[in-house]
Amino acid sequence: MHSNYIIRPMKREEVNIAIDWAAKEGWNPGFHDADCYYHTDPNGFFMGLLDGKPISTLSVVKYSASFGFLGFYIVHPDYRRQGYGLKIWKSGIQYLYGCNIGLDGVVEQQTNYKKFGFKLAYRNIRFECLGSDDLSVDADVIKLAKLPFETIELYACPFFPEKRIAFMKAWLNQPDCKALGIIQNDSLVGYGVMRKALNGYKVGPLYADTLAFADAIFSSLIQSVDPLQPVYLDIPEVNQEALKLAERYKMKKVFETARMYTGKFPDLPLDKLYGVTSFEVG
């Protein structure tokens, strides 16, 4: 490994490099992901440079002193299997020292992650369907912007190991985004967010108390999407009701990851988690 290889925190504009490389890997990031991710933890984005040239990236977003999430682990194809990835990986793990670390690992890296103490919790499966202009909007579905943020945050809180208010505000208010929810008996019983991606649209998160609520939100989100545009939904495989939703919309599997943790698996309501927010930041 070359001695002129340095690792340092990314500047905001450099996160665009990680997004671009993620797109080349086929991960299909959203148009505005970089802003939402970076401001969650500006110190948690690392770049490896060889003679000043970016050759590796890693995000290690620290949500608290006890939990962090790792993503964007990418080495430029010209520099793989030369030790550069391992070095930036170790820098990231050091940054999250003392944390339970989560990640969504691609299939070819899962064995390596296990060597560093990550344990498989469950698989996340990316499903794809085409948009539809013949779906109706459910009468109970409302724009999430009509609700106080505190109501949304209270509902979302159980779905993630730590509070992430700054991230949620950025995610819900990003451009090219549609956020819908359902109120029953004056309570929020589900919500979903759809954002524009480099290819088509991605729905995430999709949280709901029941399959019927999830279905109503999902159909209302995608009903305005051009029938030639793909829509993606990342489903925890352990949620059988979510798999029924994918089946109903004739979605096909296109990608999978392993949700892994170094510590105790967080106690999340996976039976109500119909769509993962992000493979990069959890």
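Overview of the structure. None of these values were measured; they are calculated from a predicted model.

1. Focus on the overall build of the protein
For step 1, the next point in the chain: Summing up its helical and strand segments, the protein has eight helices and 13 strands in all.
For step 2, the next point in the chain: The C-alpha atoms of the protein give a radius of gyration of 19 Å, which matches the 19 Å a tight globule of 282 residues would have.
For step 3, the next point in the chain: Considering the protein as a whole, with its 282 residues, one finds that 52% of them fall into the buried category.
For step 4, the next point in the chain: Counting only contacts in the protein whose residues sit at least 6 apart along the sequence, the fraction spanning at least 24 positions is 74%.
For step 5, the next point in the chain: Accessible surface, the protein as shown: approximately 12800 Å² in total, 52% of it carbon and sulfur.

2. Considering the packing of helix H5 (residues 149-156) against helix H6 (residues 165-172)
For step 1, the next point in the chain: Viewed as axis vectors pointing N to C, H5 and H6 meet at an angle of 115°, and their least axial separation amounts to 11 Å. When the axes of H5 and H6 are compared, the crossing they make is right-handed. Here Phe149, Ile152, Glu153 and Ala156 of H5 come into contact with H6, specifically with Ile165, Met168, Lys169 and Leu172.
For step 2, the next point in the chain: For the contact of H5 with H6, the per-class residue count stands at six nonpolar, no polar and two charged.

3. Observations regarding unusual backbone geometry
For step 1, the next point in the chain: Following Gly204, the chain continues into Pro205 via a peptide bond in cis, with omega recorded as 0°.
For step 2, the next point in the chain: Here Pro205 lies in strand E10 (residues 201-208).
For step 3, the next point in the chain: In the Ramachandran plot, Arg81 falls in the positive-phi region, its phi being about 60° despite a non-glycine side chain.
For step 4, the next point in the chain: With respect to the helices and strands, Arg81 occurs in the loop between strand E4 (67-75) and helix H3 (84-95).

4. What about the pairing of strand E3 (residues 53-62)?
For step 1, the next point in the chain: Judged by how many residues are buried, E3 sits mostly within the fold: seven of ten residues are covered.
For step 2, the next point in the chain: Judged from the six bridges that link them, strand E2 (residues 45-50) and E3 form a sheet pairing that is antiparallel. Its bridge partner being in E3, Met47 is matched across the sheet by Thr57.
For step 3, the next point in the chain: Hairpin connection between E2 and E3: a loop of two residues separates the two successive antiparallel strands, and Asp51 in this loop has a positive phi of roughly 50°.
For step 4, the next point in the chain: In this structure, the hairpin formed by E3 and E4 is closed by a connection of four residues.

5. Some remarks on H5
For step 1, the next point in the chain: By the burial criterion, the buried members of H5 are Phe149, Ile152, Glu153, Tyr155 and Ala156. Viewed along the axis of H5, the buried residues span an arc of 160°, placing them on a single side of the element. For H5, exposure combined with an orientation more than 90 degrees from the buried face picks out Glu150 and Leu154.
For step 2, the next point in the chain: In this structure, the buried side of H5 is in contact with H6, strand E9 (187-196) and E10.

6. Points about the packing of aromatic side chains
For step 1, the next point in the chain: Considering all chains together, one arrives at 23 aromatic pairs under this definition.
For step 2, the next point in the chain: With a centroid separation of 5.1 Å and an interplanar angle of 50°, the aromatic rings of Tyr73 and Trp89 are classed as tilted. Here Tyr73 is found in strand E4, whereas its partner Trp89 is found in helix H3, with 16 residues between them in sequence.
For step 3, the next point in the chain: Under the relative-accessibility criterion, Tyr73 is labelled partly exposed at 21%.
For step 4, the next point in the chain: Taking relative accessible area as the criterion, Trp89 reaches 2% and is therefore assigned buried.
For step 5, the next point in the chain: Counting every residue linked through ring pairs, the aromatic cluster contains Tyr63, Phe67, Phe160, Tyr261 and Phe265.
For step 6, the next point in the chain: The aromatic ring of Phe160 is capped on one face by Arg164, whose charged end is 3.6 Å from the ring centroid.

7. Considerations on the side chain of Thr57
For step 1, the next point in the chain: Structurally, Thr57 can be placed in strand E3.
For step 2, the next point in the chain: For Thr57, the contacting residues outside a window of four places in its chain are Met10, Ala18, Trp21, Phe46, Met47, Phe72, Tyr73, Ile74 and Ile88.

8. Examining helix H1 (residues 15-24)
For step 1, the next point in the chain: For H1, the complete set of buried residues consists of Val15, Ala18, Ile19, Trp21 and Ala22. All buried residues of H1 lie within an arc of 165° about the axis, which places them on one face of the element.
For step 2, the next point in the chain: Lining the buried residues of H1 we find helix H2 (33-38), E2, E3 and E4.
For step 3, the next point in the chain: Positioned one or two residues after H1, Gly26 has a phi angle of 90°, which is positive.

Conventions and cut-offs
- Residues numbered from 1 in each chain as written.
- Predicted model: local features only at pLDDT ≥ 70, side-chain atom pairs only at ≥ 80, totals over all residues.
- Heavy atoms only, no water.
- Helix = DSSP H or I, 4+ residues; strand = E, 2+ residues; numbered from the N terminus.
- Rg over C-alpha atoms; globule rule 2.2 N^0.38 Å.
- Buried < 20%, exposed > 50% of the residue type's maximum accessible area, 1.4 Å probe, protein only.
- Contact = heavy atoms within 4.5 Å.
- Areas by Shrake-Rupley, 256 points an atom, 1.4 Å probe, with all protein chains shown as cover.
- Axes fitted to C-alpha atoms, helices over the stretch in contact; angles between N-to-C directions.
- Left-handed = near helix turned anticlockwise from the far one by under 90°.
- Nonpolar A, V, L, I, M, F, W, Y, C, P; charged D, E, K, R; others polar.
- Pairing = 2+ DSSP bridges.
- Arc of directions from axis to C-beta.
- Phe/Tyr/Trp six-rings, centres within 6.5 Å; stacked < 30°, edge-to-face > 60°.
- Lys NZ or Arg CZ within 6 Å of the ring centre and 35° of its normal.

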